Structures are given as C-alpha cells and as structure tokens.
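Chain residues, written in single-letter form:
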Amino acid sequence: MLNVSTILKSGFFTPSIENFGFIDSLKVMLRGMLSIFVVTAVLILLVVILNKYSRKKKEKSGENSK
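Since the structure is predicted, the reported quantities are computational estimates derived from the model, not experimental observations.

Caption draft 1: Representation of the overall build of the protein chain in the model. Tallying secondary structure elements over the protein chain gives 2 helices and 0 strands in all. Counting every position in the protein chain, which comprises 66 residues, the buried fraction comes to 5%. Total accessible area on the protein chain is roughly 6,200 Å²; 70% of this is exposed by carbon and sulfur atoms.

In structure tokens:
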C-alpha cells in the first residue's frame, strides 16, 4: 500500500539544490501538477455543493409562491 508519510520522509518531493538535474526538475513539476489538481478538485467540489444547495433553495421558494 502506498503510504504518503514514507514518501514525504524519503525526500521525493524535496529537490536537492546541488547538481539540480532533469530528475530534480521532474520532481518540482510533479509537485506543481499535484498542487494544481488538488486545488482544481477542491474548486469543483465546492461548485457542486453550492449548485446542489442553491437548487434546493430555489425549489423551496418556487413551491411556496405557487
């Protein structure tokens, strides 16, 4: 099983400054891409939740006016 804490402790996401090469730049790009995906997922989740909440509120106000 993939354990996140062991990956973080192994230094996989922390690039070394000395001899910064291709693999180190890939690590930096991976961290950036993962951050972008996490932020995008959170934003999509918030939009879905707000959409469901506002839909219920509109249905309730529409039933009361009829």
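Caption draft 2: Highlighting a positive patch on the surface. A cluster of basic side chains, namely Lys52, Arg55, Lys56 and Lys60, defines a positive patch on the protein surface. For Lys52, the location among the structural elements is in helix α2 (residues 22–65).

Caption draft 3: Up close: a nonpolar patch on the surface. Taken together, the side chains of Val38, Val39, Val42, Leu43 and Leu46 present a nonpolar region at the surface, about 450 Å² in accessible area. Positionally, Leu43 belongs in helix α2.

Conventions used here
Residues numbered from 1 in each chain as written. Predicted model: local features only at pLDDT ≥ 70, side-chain atom pairs only at ≥ 80, totals over all residues. Heavy atoms only, no water. Helix = DSSP H or I, 4+ residues; strand = E, 2+ residues; numbered from the N terminus. Buried < 20%, exposed > 50% of the residue type's maximum accessible area, 1.4 Å probe, protein only. Areas by Shrake-Rupley, 256 points an atom, 1.4 Å probe, with all protein chains shown as cover. Patch = residues over 30% accessible without salt bridge, like charges linked within 9 Å, V, L, I, M, F, W, Y side chains within 5 Å. Salt bridge = Lys/Arg side-chain N within 4 Å of Asp/Glu carboxyl O. Lys, Arg positive; Asp, Glu negative; His and termini not counted. Charge placed at Lys NZ, Arg CZ, Asp CG, Glu CD.

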